[in-house]
Amino acid sequence: MKAKFSGVVTLDKSRAPDHFVLSGEGSGGVAGYAKGGADVDLEEDGEATILRYTAKADVGGKIAQLGSRLISSTANRLAAQFFSRFKEEVETQAAEAGV
């Protein structure tokens, strides 16, 4: 199954700088819907920062028929890719700033 989703992602910074919540939802028309997010915790560790996250996803409609294991593994893979790229971006900006 192939589907294109449109949606919105929000960032809740109300508990910043130690905790953030990413949440989003989207519609794929006849394919169904998807919603989910991640709880993100930041912890100072000397000169480094440890980032921990828990991702969650929920889908409905035809796409849900693919099975929860496939949906969960895809959501986890995409979350890992996002935070890997996030880390690269933060490190690049820190290097450019001479930090």
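Residues numbered from 1 in each chain as written. Predicted model: local features only at pLDDT ≥ 70, side-chain atom pairs only at ≥ 80, totals over all residues. Heavy atoms only, no water.

The name given to the protein chain in an unreviewed UniProt entry is Carbon monoxide dehydrogenase subunit G, with the source organism recorded as Amorphus orientalis.

**Some details on the pairing of strand β1 (residues 6-12)**
Formally: Residue burial is assigned from relative accessible area. The probe radius is 1.4 Å, only protein chains are included, and a residue is buried under 20% of its type maximum, exposed over 50%, and partly exposed in between. In this description a helix means any DSSP run of H or I spanning at least four residues, a strand means any run of E spanning at least two, and both kinds are numbered starting from the N terminus. Only when DSSP finds a minimum of two bridges between them are two strands counted as paired.
Taking burial as the measure, the 7 residues of β1 include 0 buried ones, a minor fraction of the element. Taken together, β1 and the strand that follows it, strand β2 (residues 19-27), pair antiparallel across an intervening segment of 6 residues.

**Some remarks on the pattern of salt bridges**
Just so we agree on the cut-off: Here, a salt bridge means any Lys or Arg side-chain nitrogen found within 4 Å of an Asp or Glu carboxyl oxygen.
Following the criterion strictly, the structure yields 3 salt bridges and no others. Taking the shortest distance from any N to any O, the salt bridge between Asp39 and Lys56 comes out at 3.3 Å. Remark: Lys56 occurs in strand β4 (residues 48-60) and Asp39 occurs in strand β3 (residues 33-45); sequence separation between them is 17 residues. Here Arg52 makes a salt bridge to Glu43, at a shortest N to O gap of 2.7 Å.

**Details of the packing of aromatic side chains**
This is how the line gets drawn: For Phe, Tyr and Trp, where Trp contributes only its six-membered ring, two rings pair if their centres lie within 6.5 Å, and the inter-plane angle classes them as stacked under 30 degrees, edge-to-face over 60, or tilted in between.
Following the criterion strictly, the structure yields 3 aromatic pairs and no others. When the centroid spacing of 4.2 Å and the interplanar angle of 25 degrees are considered together, the rings of Tyr53 and Phe83 count as stacked. In this pair, Tyr53 sits in strand β4 while Phe83 sits in helix α1 (residues 68-97), placing the two residues 30 residues apart along the sequence. Residue Tyr53 is classed as partly exposed on the basis of its relative accessible area of 32%. Centroid distance Phe82 to Phe83: 4.9 Å. Interplanar angle 85 degrees. Geometry classified as edge-to-face. Taking the relative accessible area as the measure of exposure, Phe82 reaches 42% and is therefore partly exposed. Pairwise contacts between aromatic rings join Tyr53, Phe82, Phe83 and Phe86 into one cluster.

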